[in-house]
Amino acid sequence: WSMLLCALTAAELRCGGKSVVLPYDAPLLAERIALGENGTIYRLERDGEDARQLWRVSPWCRDGLTLALRLVSKLKELGKAEDLSGFMDSLPEYPHTEQLFRLAGPEPAVLRQLSLDRDAETVSGVRLRRGEATATVRRMGAGELRILAESCKMEAAAEFCDSLRRSIREWDKG
């Protein structure tokens, strides 16, 4: 799903689109793709009414079947309809790591602690940046948290994810 959203972003912008709306937790890779194509990414929950208006008329950004149809249509427009795998391979790498784990205490206390970071973006969970790595920490319910760390390098994503998990475990004990 993540890479399909990135492929859709690239196809939309290469076909002359100027902007794409994505769920808040879609990969940050989509923004790198948009930057390379001189386009704009709007994030639902973060970018207000502009994002909501675009979301209403873009069902392919939230539904797998319409995404597949839209992507095939855009690839046909680009003359690449028969080469979805080649198009996907042309996208930048998506180095990321994900960890899901259960807390002993309440999730809001941990998320509140994370949100105190000066670079924290609190929209749908908490998004943090460390150097070239970014991580989004979200509640999954039933005492579970999910960390999704992304970077240009797999090692940086994994190290940031592990570091956050250790910090969260310490706060969870306290």
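All of these numbers come straight from a predicted model, not from anything done at the bench.

Conventions used here
Residues numbered from 1 in each chain as written. Predicted model: local features only at pLDDT ≥ 70, side-chain atom pairs only at ≥ 80, totals over all residues. Heavy atoms only, no water. Buried < 20%, exposed > 50% of the residue type's maximum accessible area, 1.4 Å probe, protein only. Helix = DSSP H or I, 4+ residues; strand = E, 2+ residues; numbered from the N terminus. Pairing = 2+ DSSP bridges. Phe/Tyr/Trp six-rings, centres within 6.5 Å; stacked < 30°, edge-to-face > 60°. Lys NZ or Arg CZ within 6 Å of the ring centre and 35° of its normal. Core = buried A, V, L, I, M, F, W, Y, C linked by side-chain atoms within 4.5 Å. Contact = heavy atoms within 4.5 Å. Polar contact = N/O pair within 3.5 Å; in protein donor to acceptor, adjacent residues only side chain to side chain. Axes fitted to C-alpha atoms, helices over the stretch in contact; angles between N-to-C directions. Parallel < 35°, antiparallel > 145°, perpendicular 65-115°, else oblique. Left-handed = near helix turned anticlockwise from the far one by under 90°. Nonpolar A, V, L, I, M, F, W, Y, C, P; charged D, E, K, R; others polar.

Asker: Help me understand the pairing of strand β7 (residues 144-150) in this model?
Answerer: It is a general feature of regular strands that their side chains alternate between the two faces of the sheet. Here β7 lies mainly inside the structure; six of its seven residues are buried. Of the pairings in the sheet, the one linking strand β6 (residues 133-141) to β7 comprises seven bridges and is antiparallel in character. Note that in β7 the partner of Thr134 across the bridge is Glu150. Counted along the chain from β6 to the antiparallel partner β7, the turn is two residues long, and its residue Ala142 has a positive phi close to 55°.

Asker: Which parts of the structure should I look at to understand unusual backbone geometry?
Answerer: For residues that are not glycine, phi is negative in most cases, and the peptide bond is trans in most cases. The backbone of Glu45 shows a phi angle near 80°, a positive value even though the residue is not glycine. Residue position: Glu45 is located in the loop between β2 (40-43) and α3 (48-56). We note that Ala142 has phi near 55°; this positive angle belongs to a residue other than glycine. Looking at the secondary structure, you find Ala142 in the loop between β6 and β7. A relative accessible area of 66% means that Ala142 is categorised as exposed.

Asker: Got a minute to help me understand the packing of aromatic side chains in this structure?
Answerer: The relative placement of two aromatic rings is captured by the distance of their centres and the angle of their planes. On inspection of all chains with the given rule, the structure shows zero aromatic pairs. Its end group placed over the ring of Trp60, Arg70 keeps NZ or CZ at 3.9 Å from the ring centre. Taking the ring centre of Tyr24 as reference, the NZ or CZ of Arg127 above it sits at 4.3 Å.

Asker: Before we go on, may I ask you to explain the nonpolar core in this structure?
Answerer: As a rule of thumb, soluble globular proteins bury nonpolar side chains together. Counting residues in each nonpolar core, the largest one holds 28 residues, and the members touching the most others are Leu22 and Cys61. For this core, the secondary structure elements donating two or more residues are α1 (2-14), β1 (19-22), α2 (29-36), α3 and α4 (64-77). Contacts of Cys61, omitting those with residues within four sequence positions, involve Trp1, Leu5, Leu8, Val20, Val21, Pro23 and Trp55. Counting 18 residues, the second-largest nonpolar core is a separate cluster that includes Leu111, Ala133, Ala157 and Ile168.

Asker: Please explain the pairing of strand β5 (residues 126-130) as it appears in this structure.
Answerer: Here strand β4 (residues 121-122) runs beside β5; their pairing, made up of two bridges, is antiparallel. Bridge pairing links Glu121 to Arg127 in β5. The hairpin formed by β4 and β5 contains three residues between the paired strands, and Gly125 there has a positive phi angle of roughly 95°. Pairing geometry for β5 and β6, over five bridges, is antiparallel.

Asker: I tried to follow the environment of Glu155 on my own but got confused; where do I start?
Answerer: Counting through the fold element by element, Glu155 comes out in helix α7 (residues 154-173). You can call Glu155 exposed: its relative accessible area is 53%. Residues Glu155 and Arg127 lie 28 residues apart in sequence; the distance between their C-alpha atoms is 19 Å.

Asker: Is there a simple way to explain the side chain of Arg146 in this structure?
Answerer: On the secondary structure map, Arg146 appears in strand β7. Arg146 gets classed as buried once you look at its relative accessible area, which sits at 15%. A distance of 2.8 Å separates a polar atom in the side chain of Arg146 from a polar atom in the side chain of Glu98. The contacts of Arg146, once residues within four sequence positions are left out, are Asp25, Glu98, Gln99, Leu100, Thr136, Val137, Arg138 and Met140.

Asker: Can you walk me through the packing of α1 against α2 in this structure?
Answerer: Each packed pair of helices is defined by two parameters, the angle between the axes and the distance between the axes. Contact geometry of α1 with α2 gives a least axis separation of 9 Å together with a crossing angle of 15°. Relative to α2, the element α1 lies roughly parallel. In this structure, α1 crosses over α2, and the sense of that crossing is right-handed. Listed contacts from α2 to Met3, Cys6, Thr9, Ala10 and Leu13 of α1 are Leu29, Ala30, Ile33 and Ala34. Of the residues belonging to the contact of α1 with α2, the class tally is eight nonpolar, one polar and no charged.

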